[in-house]
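# Descriptive structure summary
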Number of protein chains: 2
Amino acid sequence: MTEQRTARSGSSRGDVRHGRADVVRHALRVLDSYGLESLTMRRLAAELAVQPSALYHHFPHKQALLAAVAEAILADREPPASGGWDDEVRAICADLRAALLTYRDGAEVVATTWSFGLGARGPYDALVARLARSHRDAALVDAAARTLLHFVFGHVVAEQTHVQAAAAGAVDTDAETLLRGTGAAYDLGVTLIIDGLHARADSGSAIRR
Amino acid sequence: MTEQRTARSGSSRGDVRHGRADVVRHALRVLDSYGLESLTMRRLAAELAVQPSALYHHFPHKQALLAAVAEAILADREPPASGGWDDEVRAICADLRAALLTYRDGAEVVATTWSFGLGARGPYDALVARLARSHRDAALVDAAARTLLHFVFGHVVAEQTHVQAAAAGAVDTDAETLLRGTGAAYDLGVTLIIDGLHARADSGSAIRR
DNA sequence: ACCTGAACACCGTTCAAGT
DNA sequence: ACCTGAACACCGTTCAAGT
């Protein structure tokens, strides 16, 4: 991914040519600064000082752009420290939440991309891979991974929605909001599902592999 | 809610006047026939043979219309048969899924309304009310209700997305899809969370109240 | 490989005015 | 109470053409 840059002919001017990675980087900037509702093809084009139609050289449609943005949000996460399956699953979920919170509306972008089957499969694959080593029932592994993801996406989307509503002054910063902000409710939700899995563990208890 | 009807002056014509309930009924029809993406203010207005601006007499903005549609989707559900808290929670979730599946894209409409705090609180309230009678920890009850709802909404949104993708021919009707269609994966997800709750039940085991 | 210019077919919302 | 007509400020996408 070493960006070979642009503006190579010496004719001066601010008329830079943009590569795909360039477009994604600007999209992340617009997303984080103004939110998903402001991340339009026309607005992004304006930010790049380019016609809207120029973006269709890089992406066939907006959802493809959004998928690339989702992958960027999920990129460069460290693998969880190895331990019992429950701790590793917990770590994958915590890391996912951290990635989603990195950018404004990050959860919505990643959740949409995943649910449309256009990418962002990393977290699902990581969960399935880990759970398959501790639980033999493939249907259970699939259901558990999806249940965890539905919870994480739903929870973090709500978190980010409330942060935004609070920033707009529409909502008070009360105790409940503060508590949820610490991630306590998040941990409780993940724990509930993991405990459910414990109730039907069919393999090793806490040893790795 | 007895609709007193319209067209009372005898001057003939198809220029019917519409009440709020009338608008919601037509919105449900458009939603179920063409999907949420086609449920636009302009399209709905055309269906009612009215100018788009006329809709703003009934609703301050589109989200308010959608909230009314969400409430209509959730309306008239029967209360669950009484039993142990786990069976009743299971029944509330099953009934919610059934309601969401009644209309095309029903899950998306209800989930959005709930997450924006604009309505559709019925399922949350029902879950909290039932769980509060069997679990003393209010934070746990809240987290459990939200975890269940995040799962149900996420799952049914995915179900309806896949149905639509399959109908468009973009996806094969393979074994996995068929299995999920039966609701087996849904039951597994709900069971996982309920089992997690069992692991920290602090009250009676199976007796009502 | 990357971009322009112009068009097409739409959106949600506001507002003054009408009955 | 319910609606019209017209406007404002936008959307995503396509396409022929340019460098």
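Residues numbered from 1 in each chain as written. Chains lettered and ligands numbered in written order. Predicted model: local features only at pLDDT ≥ 70, side-chain atom pairs only at ≥ 80, totals over all residues. Heavy atoms only, no water.

If you check an unreviewed UniProt entry, chain A appears there as AcrR family transcriptional regulator from Nocardioides massiliensis.

It is worth spelling out the side chain of S38(B) at this point. Residues and elements named next belong to chain B. With respect to the element layout, S38 can be found in the loop between α1 (20–34) and α2 (41–47). Assessed through its relative accessible area of 17%, S38 is described here as buried. Looking at S38, its side chain comes within polar contact range of the main-chain oxygen of Y34, at 3.4 Å. (Helix = DSSP H or I, 4+ residues; strand = E, 2+ residues; numbered from the N terminus. Buried < 20%, exposed > 50% of the residue type's maximum accessible area, 1.4 Å probe, protein only. Polar contact = N/O pair within 3.5 Å; in protein donor to acceptor, adjacent residues only side chain to side chain.)

The next point concerns the protein's contact with DNA strand D. In the vicinity of DNA strand D there are 17 residues, among which R42(A), Y56(A), H18(B), Q51(B) and S53(B) approach most closely. Restricting attention to atoms of DNA strand D within 4 Å of the protein, one finds that 52% of them are sugar or phosphate atoms. Separating a phosphate oxygen of DNA strand D from a backbone N or O atom of M41(A) is a distance of 3.0 Å. A distance of 2.6 Å separates a phosphate oxygen of DNA strand D from a polar backbone atom of Q51(B). (Near = heavy atom within 4 Å.)

Time to look at the UniProt feature "DNA-binding region" (unreviewed entry) in chain A. Residues annotated by UniProt as "DNA-binding region" (unreviewed entry) correspond here to residues 40–59 of chain A. From the first C-alpha to the last, residues 40–59 of chain A spans 13 Å; its make-up is 35% helix and 0% strand. (UniProt positions renumbered as here; feature names shortened; annotations may be inferred.)

To continue, consider the protein's contact with DNA strand C. With respect to spatial proximity, 16 residues lie near DNA strand C, and among them H18(A), Q51(A), S53(A), R42(B) and Y56(B) are the closest. Counting only atoms of DNA strand C within 4 Å of the protein, the sugar-phosphate share comes to 53%. Within the side chain of R17(A), a nitrogen or oxygen atom sits 3.0 Å from a base oxygen of DNA strand C. One of the backbone N or O atoms of M41(B) is found 3.0 Å from a phosphate oxygen in DNA strand C. Of the residues belonging to the surface near DNA strand C, the class tally is five nonpolar, eight polar and three charged. (Nonpolar A, V, L, I, M, F, W, Y, C, P; charged D, E, K, R; others polar.)

Under the counting rule described, the total for this entry stands at 18 salt bridges over all chains. A salt bridge links R29(B) to E47(B); its shortest N-O distance comes to 3.3 Å. Here E47(B) lies in helix α2 and R29(B) lies in helix α1, a separation of 18 residues in the sequence. Here R29(B) falls in the partly exposed class, since its relative accessible area comes to 45%. The partly exposed category is assigned to E47(B), whose relative accessible area is 28%. Between R121(B) and D125(B) there is a salt bridge; the shortest N-O distance is 3.2 Å. By relative accessible area, which is 36% here, D125(B) ends up partly exposed. Linked through salt bridges whose partners overlap, the residues forming this network are R29(A), R43(A) and E47(A). (Salt bridge = Lys/Arg side-chain N within 4 Å of Asp/Glu carboxyl O.)

Inspection of the entire model under this criterion finds six aromatic pairs over all chains. Between the aromatic rings of W114(A) and F153(A), the centroid separation amounts to 5.7 Å while the plane-to-plane angle is 45°, which identifies the pairing as tilted. You can see W114(A) sitting in helix α5 (residues 106–115) and its partner F153(A) sitting in helix α7 (residues 138–167), a full 39 residues away along the chain. In this structure, W114(A) and F153(A) share a single accessibility class: buried. Among the aromatic residues, ring-to-ring pairing joins W114(A), Y124(A) and F153(A) into one connected group. Seen from the ring of Y186(B), R97(B) lies directly overhead, with NZ or CZ sitting 5.0 Å from the centre. (Phe/Tyr/Trp six-rings, centres within 6.5 Å; stacked < 30°, edge-to-face > 60°. Lys NZ or Arg CZ within 6 Å of the ring centre and 35° of its normal.)

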